[in-house]
Amino acid sequence: MTNKDFDVVVIGSGAAGSAASWLLSISGNYKIACLEQGNFPNSSEYPTNFFDWESRLETNYSFNPKKRNTWADYEIDDSESPIKVANFNGVGGSTVLFSGHFPRLHPSDFRTKDVDGVGENWPIQYSDLEPYYDLSDQITGVAGLIGDPAYPGIKSRLLPPVPLGKIGERIAYGLNKMSWHWWPSYSAINTKSAGGRPSCINLGPCNTGCSQGAKSSADVAFWPQSLRNSVSLFTSTRATGFEMDKLQRKITGLKYVNQEGESGTFRAKIFIIACNGIGTPRLLLATKTEKFPDGIGNNSGHLGKNLMLHPLAYLEGTVKDDISSSVGPHGCCLQSQEFYETSKDREFKRGFTMQVLRSPGPLETARLGIRRKTIKLGPSFHHDFYSFFNRTISLSMIIEDLPEFHNSVYLSSNTDATGLPIAKIDYKLSKNTKEIIKFALTKGRELFRALDVKETLAFAPVSFSGWHLMGTARMGDDPQDSVTDKFGRIHELENLYIADSSLFVTSGAVNPASTIQALSLFIVDNIVEKLGGKKHV
Amino acid sequence: MSRILEEFLDFLIPVGQDNSISGSRVWNRLGKRTTIEHELLNFLEQKILNTEHTYEDALQLLEVSNPILCSSLTEALLEDYFEHPEVKTRLSQNHPAPFPIGYKLPSTDWSILEPVIVRSESTQKRK
């Protein structure tokens, strides 16, 4: 049993925890600890270092925690959800495997109740986060282009956009023909050397880990500086619960166990939870006291509720000519937000972002084709294969997921090896979501027709797409229907904060990493002020 | 390698129009492939030898009667094929040592965005 004393303890080192630890480390002479249940990823082990990289996709750096199955990969029962959890547990969290999409929420996303009569309003506005989006872009290194009509206010200095390549130019032509909005993706990818990291050489599959370090995952964007600034990073260390003072107004300690079996308590003035939309409610729900019989911070009954997962609708088709569609960063090409906002002409509220994906490498193309029976072994093999390889166009539509009380994370009666209850998720697509999906697929098909693309596959929701885990400890002004205040502090406690995507009140229809980091920086900047320091923004 | 096995692998991935690499040439014969090979040979001897069945029939029978073996065979054969240096070269994939070398994306002429900007400006004016 070991006790460790710090000023601030951050739990989790994903996008939120990394940003939080970094800002604390540059804001004063604080003694900071960050706990991470995984290890520091070793980029020399990423699949793209190897000639047989496509065979290595489903190994230690698979996005499926059940396939990795390491000590860090806590069990999540997602059998009651059509969308399965995809993640990475290690320093940098899921950004290690993300595609690098880094768009912001729209101002309207913070006021959906006022604007469209659905969801809930955030207690903060886009303008509150804007300087933190800029700060996050600056430390991360974001490629993009100023002037996007969908984001007229972006003032960040951006790196040059990721080139569209032949596939992007083809789609852009179609989008122009349809008179729809589009813009090159905002990408956490170095398109020129920045932050001590090299320019991207287009290895392609960013979502297997970037072996050259050009993708700005949180482990490479934040941690070199945070470690230089003496943040104590405890890897392979899992938080297991909290200790409180007698009045149960303050957290006095965080209990932990590490992979070697050592256990003990971290003591600090401030505790910040950044364990994502499942890990955060799990940890809080697992600590029950007399004052919090249903888990810490759950007096409103909203802890673990309102889970949003961003269902994806997927449409794939082929063109007759070679458009080098497998070349370039997999996820980051271009996006259209023509149908992002609510329209009175449509049956549903809110909307979606259409993203163009680059297609997989040759082995994965053949694997998928055989699984889907579009490629056959035998005399037609080569003909079938070349109908798809470098000729495939994939559209991924991120659907706005509105908060629904019944979509939730709760604790199973089963426990894992460290004694923590296993998290279960119960998630169903709402009627509004289903309507958006239907509409998104229709619009994708219209685009395909304009481009003479032959549709080969369409489905929704994509099963293993539960990367975006949001909403399960939402912020709000009213303690009756929210878990934290607008500064991420749990209503009933003086020194326990949340800084991750579980705070999201609505999901928007964009990848959340940019907002997670901006929100974490906003929360920590206010904590710095509370600690007597000077705010960064 | 027995002739029947060789012929079946060459049926699954025949020589393409622009190369001479077929299934039997890339088949690795090591590790888990030894077991696959043994099981497959048994299957082919039972279903093909002394019958009127073609290799196409054999593949269909394999899919139905032993989907696990079929799936293992497919995965192993595809890996061996697409990781063969000659196939990689033909597909413009990277060569080993040093690997990876990446790709160059041609730079984009961003005037392609003009219609988006013009449309946005005219919408703003209408407002």
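*Asks:* Can you explain the overall build of chain A? Please cite residues and give values.
*Replies:* On a plain count of helices and strands, chain A comes out with 12 helices and 18 strands. Computed over its C-alpha atoms, the radius of gyration of chain A comes to 22 Å, within 12% of the 24 Å expected for a compact globule of 537 residues. Within the span of chain A, comprising 537 residues, buried residues form 66% of the whole. In chain A, of all internal contacts separated by at least 6 residues, the share reaching a separation of at least 24 is 74%. Of the roughly 18600 Å² of accessible surface on chain A, 49% is carried by carbon and sulfur atoms. In chain A, which carries 57 positive and 56 negative side-chain charges, the distance between the mean positions of the two groups comes to 2 Å.

*Asks:* With reference to specific residues and values, describe the overall build of chain B.
*Replies:* Each helix and strand in chain B was counted, giving 7 helices and 0 strands. Listing each helix as α and each strand as β along chain B from the N terminus yields α-α-α-α-α-α-α. Over its C-alpha trace chain B gives a radius of gyration of 24 Å, far above what one expects of a compact globule, namely 14 Å for 127 residues. Each principal axis of the C-alpha distribution contributes one length, and for chain B these read about 80 × 40 × 30 Å.

*Asks:* Please set out the pattern of salt bridges residue by residue, giving values where relevant.
*Replies:* For the structure shown, the criterion picks out 32 salt bridges over all chains. We note a salt bridge from Asp485(A) to Arg489(A), for which the minimum N-O separation is 3.5 Å. With relative accessibility at 16%, the residue Asp485(A) sits in the buried group. The partner of Arg3(B) in a salt bridge is Glu7(B), and the shortest N-O contact between them spans 3.0 Å. Of the two residues, Arg3(B) and Glu7(B) are both situated in helix α1 (residues 3-12); the distance of 4 residues between them amounts to about one turn of the helix. According to the relative accessible area criterion, Arg3(B) is exposed, its value standing at 66%. The exposure class assigned to Glu7(B) is partly exposed, which follows from its relative accessible area of 32%. In this structure, a network of salt bridges that share partners links the residues Glu364(A), Arg367(A), Arg33(B), Glu75(B), Glu79(B) and Asp80(B).

*Asks:* Account for the interface of chain B and chain A, naming residues and giving values.
*Replies:* Interface size is often expressed as the accessible area that is lost when the parts come together. Each side of the interface is counted separately: chain B has 40 residues, and chain A has 44 residues. Between chain B and chain A the total buried area reaches about 3600 Å² when both faces are included, carbon and sulfur atoms providing 70% of it. Across the salt bridge formed by Arg367(A) and Glu79(B), the nearest N and O atoms sit 3.9 Å from each other. Put simply, chain B and chain A have 12 residue pairs in polar contact (both at pLDDT 80 or more) between them. Elements supplying a minimum of two residues to the side of chain B that touches chain A: α1, α5 (67-82), α6 (85-90) and α7 (114-126) of chain B. With 6 residues, the top contributor of residues to the side of chain B that touches chain A is α5(B).

*Asks:* I'd like a rundown of the sheet that holds strand β6 (residues 232-234) of chain A, residues and numbers included.
*Replies:* Sheets are built from strands paired through backbone hydrogen bonds, the pairs being either parallel or antiparallel. Residues and elements named next belong to chain A. The sheet built from 5 strands is open, its strands ordered β6-β3-β2-β10-β18 with parallel pairing. Here the strands that pair on one side only, and so sit at the sheet edges, are β6 and β18 (496-498). This sheet shows a mean twist of 20° between the axes of neighbouring strands, independent of strand direction. Contacts from helix α1 (residues 15-26) reach β2 (8-11), β3 (32-35) and β10 (270-273) within the one sheet, and its direction differs from that of β2 by about 160°.

*Asks:* Quick one: what's the story with the confidence of the model for chain B, residue by residue and with numbers?
*Replies:* Of all residues in chain B, 92% attain a pLDDT of 70 or more, and the chain-wide mean is 89. The complex model carries a pTM of 0.96, and its ipTM stands at 0.93.

*Asks:* Go over the sheet that holds strand β11 (residues 312-318) of chain A with me, naming the residues and quoting the values.
*Replies:* Residues and elements named next belong to chain A. Strand order in this open sheet of 6 strands is β5-β12-β13-β14-β11-β17, and the pairing throughout is antiparallel. Of all the strands in the sheet, the pair left with one neighbour each is β5 (183-184) and β17 (454-459). The pairing of strand β12 (residues 334-336) with strand β13 (residues 352-357) spans 2 bridges and is antiparallel. Paired with serine 336 across the strands is methionine 354, a residue of β13. Together, β11, β13, β14 (392-399) and β17 form the strand contacts of helix α11 (residues 431-450), whose direction differs from that of β14 by roughly 155°.

*Asks:* Can you tell me about the side chain of Ser326(A), naming the residues and giving the values?
*Replies:* Tracing the chain through its elements places Ser326(A) in the loop between β11 and β12. At a separation of 2.7 Å, a polar atom in the side chain of Ser326(A) contacts the side chain of Asn390(A).

*Asks:* Can you tell me about unusual backbone geometry, naming the residues and giving the values?
*Replies:* The phi angle of most residues is negative, glycine excepted, and most peptide bonds adopt the trans form. Residue and element names in this part refer to chain A. Look at the link from alanine 460 to proline 461: it is a cis peptide, with omega at -5°. In this structure, proline 461 sits in the loop between β17 and β18. Its identity is not glycine, yet arginine 350 carries a phi of approximately 60°, on the positive side. Since its relative accessible area comes to 0%, arginine 350 is described here as buried. A positive phi is found at lysine 373, a non-glycine position, where the angle reads about 65°. Here lysine 373 is to be found in the loop between α9 (362-371) and α10 (381-388). Its relative accessible area of 65% is what places lysine 373 among the exposed residues.

*Asks:* Describe in detail the pairing of β2(A), supporting the description with residues and values.
*Replies:* All names here are of chain A. Going residue by residue along β2, you find Val8 and Val10 tucked away on one face and Val9 and Ile11 tucked away on the opposite face as well. The pairing of β2 with β3 spans 4 bridges and is parallel. From the neighbouring strand, valine 9 faces β3, where its bridge partner is alanine 33. Handedness of the β2-α1-β3 crossover: right-handed. Where β2 meets β10, 4 bridges bridge the pair, whose relative direction is parallel.

*Asks:* Which residues make up the packing of aromatic side chains, and what are the values?
*Replies:* Scanning the model with the defined rule gives 32 aromatic pairs over all chains in all. Between the aromatic rings of Phe352(A) and Phe439(A), the centroid separation amounts to 6.2 Å while the plane-to-plane angle is 65°, which identifies the pairing as edge-to-face. One end of the pair, Phe352(A), is in strand β13; the other, Phe439(A), is in helix α11, and 87 residues separate them in sequence. Just as Phe352(A) is buried, Phe439(A) falls in that class too. Grouping aromatic residues by their ring pairs yields a cluster made of Phe381(A), Phe385(A), Tyr386(A), Phe389(A), Tyr81(B) and Phe82(B). The side chain of Arg238(A) reaches across the aromatic face of Trp71(A), ending 4.3 Å from its centre. A cation over an aromatic ring shows up here: Lys88(B) above the ring of Phe51(A), its NZ or CZ 4.8 Å from the ring centre.

About the thresholds
- Residues numbered from 1 in each chain as written.
- Chains lettered and ligands numbered in written order.
- Predicted model: local features only at pLDDT ≥ 70, side-chain atom pairs only at ≥ 80, totals over all residues.
- Heavy atoms only, no water.
- Helix = DSSP H or I, 4+ residues; strand = E, 2+ residues; numbered from the N terminus.
- Rg over C-alpha atoms; globule rule 2.2 N^0.38 Å.
- Buried < 20%, exposed > 50% of the residue type's maximum accessible area, 1.4 Å probe, protein only.
- Contact = heavy atoms within 4.5 Å.
- Areas by Shrake-Rupley, 256 points an atom, 1.4 Å probe, with all protein chains shown as cover.
- Lys, Arg positive; Asp, Glu negative; His and termini not counted.
- Charge placed at Lys NZ, Arg CZ, Asp CG, Glu CD.
- Salt bridge = Lys/Arg side-chain N within 4 Å of Asp/Glu carboxyl O.
- Buried area = accessible area lost by both parts, 1.4 Å probe.
- Polar contact = N/O pair within 3.5 Å; in protein donor to acceptor, adjacent residues only side chain to side chain.
- Pairing = 2+ DSSP bridges.
- Axes fitted to C-alpha atoms, helices over the stretch in contact; angles between N-to-C directions.
- pLDDT = per-residue confidence, 0-100.
- Right-handed = clockwise from strand over helix to strand, strands pointing away.
- Phe/Tyr/Trp six-rings, centres within 6.5 Å; stacked < 30°, edge-to-face > 60°.
- Lys NZ or Arg CZ within 6 Å of the ring centre and 35° of its normal.

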